[in-house]
Amino acid sequence: MTKNNYFTGMVLIVFLYVLSACQPENRPSPERAKDARPSILFIVADDLGKDVLRAYNPAAAATPHLDFWANHGRKFNNFYVTSPVCSPSRASMLTGYASDMNDVDKILKPSLAGQQPELASNLPTIASTLKTSGYVTALIGKWHLGYRPENHPRQRGFDLFKGFLAGHIDYISHVDSQGEFGLMDGEEAWIPEERKHLTQLLTDEAITFIQQSDRAEPYFLMLSYATPHRPYLLPGEEAIFPGKSERDKDQAERYTAMVQLLDEEIGRLQAVLEARNENTLVVFISDNGAAINAPTKEERFKGKSTLFEGGINVPAFLYWPGKIAATSSSEFFSALDLYPTFSEIAGAQMDSSFVYKNFTLTDSCSGHEALIWSFHGVQAVRKGSWKAIFIPNNDSKITQRHFNFTSFSKHEELAASFDGYYPLLFNLAADPGESNDVALEEKTKLQELREIYQNSK
Ligand SMILES: [Ca+2]
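Residues numbered from 1 in each chain as written. Predicted model: local features only at pLDDT ≥ 70, side-chain atom pairs only at ≥ 80, totals over all residues.

Draft legend 1. How the structure looks around the overall build of the chain. The number of helices and strands found in the chain is 13 helices and 15 strands. Counting all 457 residues of the chain, 49% fall into the buried class. For the chain, contacts bridging at least 24 residues in sequence account for 69% of all contacts bridging at least 6. (Helix = DSSP H or I, 4+ residues; strand = E, 2+ residues; numbered from the N terminus. Buried ≥ 20, exposed ≤ 12 C-beta atoms within 10 Å, placed from the backbone. Contact = placed C-beta atoms within 7 Å.)

Draft legend 2. Region of the structure containing the pairing of strand E12 (residues 370-375). In terms of burial, E12 is largely enclosed, as 6 of its 6 residues are buried. Residues Ala370, Ile372 and Ser374 line one face of E12 and the alternating positions Leu371, Trp373 and Phe375 line the opposite face, and both faces are buried. Sheet topology places E12 next to strand E13 (residues 378-383); 6 bridges connect them, and they run antiparallel. Opposite Phe375, over in E13, you have Val378 as the bridge partner. Adjacent in sequence and paired antiparallel, E12 and E13 are bridged by 2 residues, among which His376 carries a positive phi angle near 50°. (Pairing = 2+ DSSP bridges.)

Draft legend 3. Fine view of the environment of Ser83. Among the structural elements, Ser83 can be located in the loop between strand E2 (74-80) and helix H3 (86-95). Along the chain, Ser83 and Asn288 lie 205 residues apart, while their C-alpha atoms are 7.0 Å from each other. With residues up to four places along the chain from it excluded, the contact list for Ser83 reads Pro88, Ser89, Ser92, Ser99, Asn288 and Phe375.

Draft legend 4. Main features of the sheet that holds strand E14 (residues 386-391). With antiparallel pairing, the 4 strands of this open sheet are ordered in space as E12-E13-E14-E15. For this open sheet the edge positions go to E12 and strand E15 (422-427), each flanked by a neighbour on one side alone. This sheet shows a mean twist of 10° between the axes of neighbouring strands, independent of strand direction. (Axes fitted to C-alpha atoms, helices over the stretch in contact; angles between N-to-C directions.)

Draft legend 5. Local environment of helix H10 (residues 338-346). Within H10, 9 of the 9 residues are buried, leaving the element largely enclosed by the surrounding structure. Among the residues of H10, Leu338, Tyr339, Pro340, Thr341, Phe342, Ser343, Glu344, Ile345 and Ala346 are the ones counted as buried. Tucked into the core, H10 has its buried residues touching strand E1 (39-45), H3, helix H5 (126-132) and strand E8 (280-286). Positive backbone phi, at 65°, marks Gly347, one or two positions downstream of H10.

Draft legend 6. The environment of Pro321, seen in detail. Looking at the secondary structure, you find Pro321 in the loop between strand E9 (313-319) and strand E10 (327-329). For the pair Pro321 and Gly73, spaced 248 residues apart in sequence, the C-alpha separation works out to 7.5 Å.

Draft legend 7. Region of interest: the environment of Pro392. Structurally, Pro392 is set in the loop between E14 and helix H11 (397-401). When the C-alpha atoms of Pro392 and Ala415 are compared, they prove to be 9.1 Å apart, with 23 residues separating the residues in sequence. Those residues within four positions of Pro392 in sequence are excluded, and the remaining contacts are Gly377, Val378, Thr399 and Tyr421.

Draft legend 8. The arrangement of the packing of helix H6 (residues 198-212) against helix H7 (residues 251-276) in detail. The interhelical angle for the contact between H6 and H7, taken along N-to-C directions, is 10°, at an axis separation of 10 Å. With respect to each other, H6 and H7 are oriented roughly parallel. In terms of crossing hand, the pair formed by H6 and H7 is right-handed. Seen from H6, the contacting residues are Thr199, Gln200, Thr203, Ala206, Ile207, Ile210 and Gln211; seen from H7, they are Leu261, Leu262, Glu265, Arg268, Leu269 and Val272. Of the residues that constitute the contact of H6 with H7, the class distribution is 7 nonpolar, 4 polar and 2 charged. (Parallel < 35°, antiparallel > 145°, perpendicular 65-115°, else oblique. Left-handed = near helix turned anticlockwise from the far one by under 90°. Nonpolar A, V, L, I, M, F, W, Y, C, P; charged D, E, K, R; others polar.)

Structural data, given as structure tokens:
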């Protein structure tokens, strides 16, 4: 077992260790009539940070449509994804297993198609589980969990797929970074009747899908936007792919404009859902934190691809009128809780070996007692207000990213006590931005968090 495998192998075990004893209330039983079950609209944004939504940051530009769902549903203030980048995070969302089990611990690049481990073939996805349970399932938008034919979305539980396999395509030309046209309808090329901005095109498809549903069977629609992932392009602008370089100027402003575009498109969806007035659960999350938007360079580099809060603590909310009251939770929840949540709501039969089946996001229970992460050898633990990050002593890009552009010191004097890792420690109650490393002052607390990690073996 390689060192990386060794550490990612602990992730699942630790989630087991920290699992809270939540008692579900009023769960639907599998015997319910099919048409009584809600349809599920699962929307995933790409690289969307919390700070650009007014619902999380009063100083942000207004995002009225997303804020409506957040403020009229269950808003999570500490919802964590399992990874600070796209593919591993999405693999966990769909399977309920961390990367040690789902096999995806790195970004799946189209340039390495067929050469990297893809989504584990032995695991059901939420789509296949709900499909077996009688749901009509669809993925509209980004996949990013494999390029092999056996890992095509239609082979992993989705009745319908209209979208793209890569991490991102040009919003205007719909060509990926390799110069290949990216849009697919099932296994075929998807040539839209009208060339639109990708965000608008995906919304159009989602609306068509929802309007064509006849309610004889509920649906599970994963609407997987690329927005606001780079390249930052707005409707009416010229394409970048193929052949051109991304614009360097005004990246933060352009990112914010992409968020505004996403919010407008959410507004279109909301109008359709409201008009149909059906029993529909909406779940909205981001796959990881922001890549660029931050007022300072240091904060910017504490986002995507790092285990700082900016990389893994994401916007997340459930909206289910008449079922879930407007509440806000600061307990710890995880993207691993999505699979059991959707399965419970659908009354679907989960795999008998699935370990999180008594824990769902709609229950009025406390969250996880603690959470851990492992990403490219960097490890993190959160318990209560404390968060520790253990950074290996190597020169990898990910490792260095945790020190580059930040003011943190490598605690050489502590490394011997922490298996050679450089520790950082933050008290998030007093320091939510993780600016004040107190590893040297709080060695006992640091050791406690280290033991949570180690005891998970
Ligand atoms: Ca992402």
